[in-house]
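A look at the structure
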Amino acid sequence: MQIHSIPETGFLRLSQIIGDKKSQIAPIIPVGRTTWLMGVKNGDYPQPIKLSPRTVAWRVEDIRQLIEDLDV
């Protein structure tokens, strides 16, 4: 699996956050797609930013904060 570091700023796509076995991307937060999307809907995970009509991503700062909150 490809392990990537989280950049300081910018955006992450869903496959970069929860991983993608097909593309061999290791997860940052190891949950399934449905679990992630339900967590976003329930407010447990950060809301995405719409970059274009068919593209959403999450701010790196929000994901870093979520990781810190989950480690506590």
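Just above, that's the structure.
Residues numbered from 1 in each chain as written. Predicted model: local features only at pLDDT ≥ 70, side-chain atom pairs only at ≥ 80, totals over all residues. Heavy atoms only, no water.

**What to know about the pattern of salt bridges**
Basically, it comes down to this: Criterion for a salt bridge: a side-chain nitrogen of Lys or Arg within 4 Å of a carboxyl oxygen of Asp or Glu. Helix and strand definitions follow DSSP, with helices as H or I runs of at least four residues and strands as E runs of at least two, each counted in order from the N terminus. Remark: exposure states derive from per-residue accessible area (1.4 Å probe, protein chains only) relative to the maximum for the residue type, with buried under 20%, exposed over 50%, and partly exposed in between.
Applying the stated criterion across every chain yields a total of two salt bridges. Glu-8 is paired through a salt bridge with Arg-64; the nearest N and O atoms lie 3.7 Å apart. Here the residue Glu-8 occupies a position in the segment before strand E1 (11–12), and Arg-64 occupies one in helix H3 (residues 60–71), the gap between them amounting to 56 residues. Classification of Arg-64 as partly exposed rests on a relative accessible area of 29%.

**Observations regarding the sheet that holds E1**
This is how the line gets drawn: Two strands are said to pair when DSSP picks up at least two bridges between them.
Here we have three strands laid out as an open sheet, ordered E1-E3-E2, and antiparallel in their pairing. Of all strands in the sheet, those bounded by a partner on one side alone are E1 and strand E2 (49–52). For E2 and strand E3 (residues 55–59), the ladder comprises three bridges, and the chain directions are antiparallel. When the sheet's bridge partners are listed, Ser-52 is paired in E3 with Thr-55.

**Some remarks on H3**
Rules: To estimate the expected span of a helix, count its residues, drop one, and scale the result by 1.5 Å. The arc in question is formed by the directions pointing from the helix axis toward the C-beta atoms. By the convention used here, residues are in contact when the closest approach between their heavy atoms is within 4.5 Å.
Relative to the 16 Å expected for 12 residues at 1.5 Å per residue, H3 spans 17 Å between its end C-alpha atoms, a close match to the ideal helical length. Within the span of H3, buried status applies to Val-60, Ile-63 and Leu-66. All buried residues of H3 lie within an arc of 120° about the axis, which places them on one face of the element. On its buried face, H3 sits against E1, helix H1 (14–18), helix H2 (33–42) and E3.

**Structural notes on the environment of Leu-66**
Along the polypeptide, Leu-66 turns up in helix H3. On a C-alpha basis, the gap between Leu-66 and Val-40 in space is 12 Å, while along the polypeptide they are 26 residues apart. Residues within four places of Leu-66 in sequence aside, it is in contact with Ile-29, Trp-36, Asp-44, Tyr-45 and Pro-46.

**Quick look at the nonpolar core**
Quick note on the threshold: Residues grouped as a nonpolar core are buried Ala, Val, Leu, Ile, Met, Phe, Trp, Tyr and Cys residues, joined through side-chain atoms within 4.5 Å.
Of all hydrophobic cores here, the largest spans 12 residues; its members are Leu-12, Leu-14, Ile-17, Ile-18, Ile-29, Trp-36, Val-40, Tyr-45, Trp-58, Val-60, Ile-63 and Leu-66. Elements that contribute at least two residues to this core include exactly H1, H2 and H3.

**Concerning H2**
For H2, the full list of buried residues reads Trp-36, Gly-39 and Val-40. Projected down its long axis, H2 carries its buried residues within an arc of 100°, all on one side. The outward face of H2, more than 90 degrees from its buried face, is lined by the exposed residues Thr-34, Lys-41 and Asn-42.

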